[in-house]
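The chain contents come next:
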Amino acid sequence: MSKQWVNEAIAKIEADFQRSADTHLIKLDLPQLDGIDIYLKDESTHPTGSLKHRLARSLFLYALSNGWVKEDTTIIESSSGSTAVSEAYFSRLLGLPFIAVMPSSTAKTKIEQIEFYGGQCHFVDHSSKIYAESQRLAKELNGHYMDQFTYAERATDWRGNNNIADSIFNQMQKEPHPVPAWIVMSPGTGGTSATIGRYLNYQQLSTQLCVVDPENSVFYDYFYQRDLSLTCENGSKIEGIGRPRVEPSFIAGVVDEMIKIPDAASLATMNWLAALIGRKVGPSTGTNLFGVMQLACKMKQQGQQGSLVTLLCDSGERYLDTYYDAQWIADNIGSTQQYDELLEKFNKTGSLS
């Protein structure tokens with residue numbers, strides 16, 4: 001019976017994937033960057049509203065194929081929100097209990113979405129405590145700790161098979177510069193940057209991978225120091241990205257360059273993009289795009305042409321009570337005026353310097 005249930009569970013996930021269309025690739029209208037094109041892979045259109053839908057699907061297939069998840073297994077995950085929303089969705093699809101272990105500061109809308117899919121939320125007072133508490137719960141309940149931070153880099157087939165990198169290059173085929181100069185990604189687990197970087201190397205492509213890290217995250221320092229013991233006392237204020245420790249899924253060797261992005265720049269760019277495309281986006285998209293714009297401005301200064309691709313990770317509707325609330329921003333991030341003015345200058349000159 002267990003083997004039959006696993007087969008049926010995998011079939012349900014595969015059927016769900018078959019019903020899903022690919023996500024859109026949006027080209028930004030930026031005449032100030034003549035000859036340089038910027039694209040956003042819009043991951044907010046997945047059924048659960050974020051890039052993490054891909055990860056959750058891969059993690060479930062990986063766990064089922066490894067024999068870790070059975071008919072009555074409780075699923076536990078460490079997550080600040082989006083991964084938990086997506087895993088709650090797949091848990092409900094398979095009829096499994098789901099518990100998300102998350103910081104108490106997680107956005108209210110994400111908590112509501114987890115509960116909408118039948119999941120439970122278990123809170124800790126600091127992001128560094130989610131790992132041990134998830135392991136404790138899994139042991140206590142005889143459940144399975146999905147552990148996105150360890151398995152994200154290996155659960156997805158990085159060689160192709162319609163992974164996100166494969167999808168980007170298929171969608172870019174008829175563009176003026178079909179092979180991007182850069183793909184830019186921010187790290188949460190590090191799994192997506194690992195998939196993209198490995199794909200670029202395996203396919204022998206000239207595209208470079210830039211990873212952009214928010215404040216209060218160790219990935220940037222680790223990239224340059226390669227010290228696995230690095231930790232950060234304060235958690236990232238850009239929800240979903242940045243980590244207080246070096247996660248096992250972050251593969252520094254596939255990354256060509258890293259840029260540290262101030263939190264105020266992330267929020268300013270989030271709002272700048274929302275005005276440009278007419279809809280709200282999440283803060284990690286602002287982190288991604290500010291990095292892209294720095295690279296694009298450098299290309300312009302050097303007389304280069306080409307394309308750059310990044311991800312629109314999720315919708316801003318999830319953050320109306322945080323990153324789109326003026327008082328919350330004042331209390332947690334501070335003024336974005338410096339970067340608002342810089343982006344206004346970019347609108348006029350195509351320069352951030």
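Use the structure listed above.
Residues numbered from 1 in each chain as written. Predicted model: local features only at pLDDT ≥ 70, side-chain atom pairs only at ≥ 80, totals over all residues. Heavy atoms only, no water.

## Notes on the side chain of Ser167
Here is step 1: Secondary-structure assignment places Ser167 in helix 7 (residues 164-171).
Here is step 2: Setting aside anything within four residues of it in sequence, one finds Ser167 in contact with Asp22, Lys41, Arg54 and Asn162. (Helix = DSSP H or I, 4+ residues; strand = E, 2+ residues; numbered from the N terminus. Contact = heavy atoms within 4.5 Å.)

## Some words on helix 1 (residues 2-18)
Here is step 1: Taking 1.5 Å of rise per residue, 17 residues should cover 24 Å, and helix 1 covers 24 Å from first to last C-alpha, within 8% of that figure.
Here is step 2: Residues of helix 1 that are buried in the fold lie against helix 2 (52-65) and helix 3 (82-94). (Expected span 1.5 Å × (residues − 1).)

## As for unusual backbone geometry
Here is step 1: Despite not being glycine, Asp147 has its phi angle at roughly 55°, a positive value.
Here is step 2: Mapped onto the secondary structure, Asp147 falls in the loop between strand 6 (144-145) and helix 6 (148-155).
Here is step 3: Of the residues examined, Asp147 reaches a relative accessible area of 11% and is grouped as buried.
Here is step 4: For Gln204, which is not glycine, the phi dihedral falls at a positive 55°.
Here is step 5: Here Gln204 lies in the loop between helix 8 (191-202) and strand 8 (208-214). (Buried < 20%, exposed > 50% of the residue type's maximum accessible area, 1.4 Å probe, protein only.)

## Quick look at the sheet that holds strand 4 (residues 98-103)
Here is step 1: Reading across from one edge, 5-4-3-6 is the order of the four strands in this open sheet, with parallel pairing throughout. Edge positions in the open sheet fall to strand 5 (120-124) and strand 6, since each of these has one partner strand only.
Here is step 2: In this structure, strand 4 lies alongside strand 5, joined through five bridges in parallel fashion. Its bridge partner lying in strand 5, Met102 is registered against Phe123.
Here is step 3: Strand contacts of helix 3: strand 3 (75-78) and strand 4, with the helix running at about 175° to strand 4, the strand carrying the most contacts.
Here is step 4: Taken strand by strand, helix 5 (residues 130-141) contacts strand 3, strand 4, strand 5 and strand 6, and its axis lies near 155° from that of strand 4. (Pairing = 2+ DSSP bridges. Axes fitted to C-alpha atoms, helices over the stretch in contact; angles between N-to-C directions.)

Shape descriptors only; they carry no functional weight alone.
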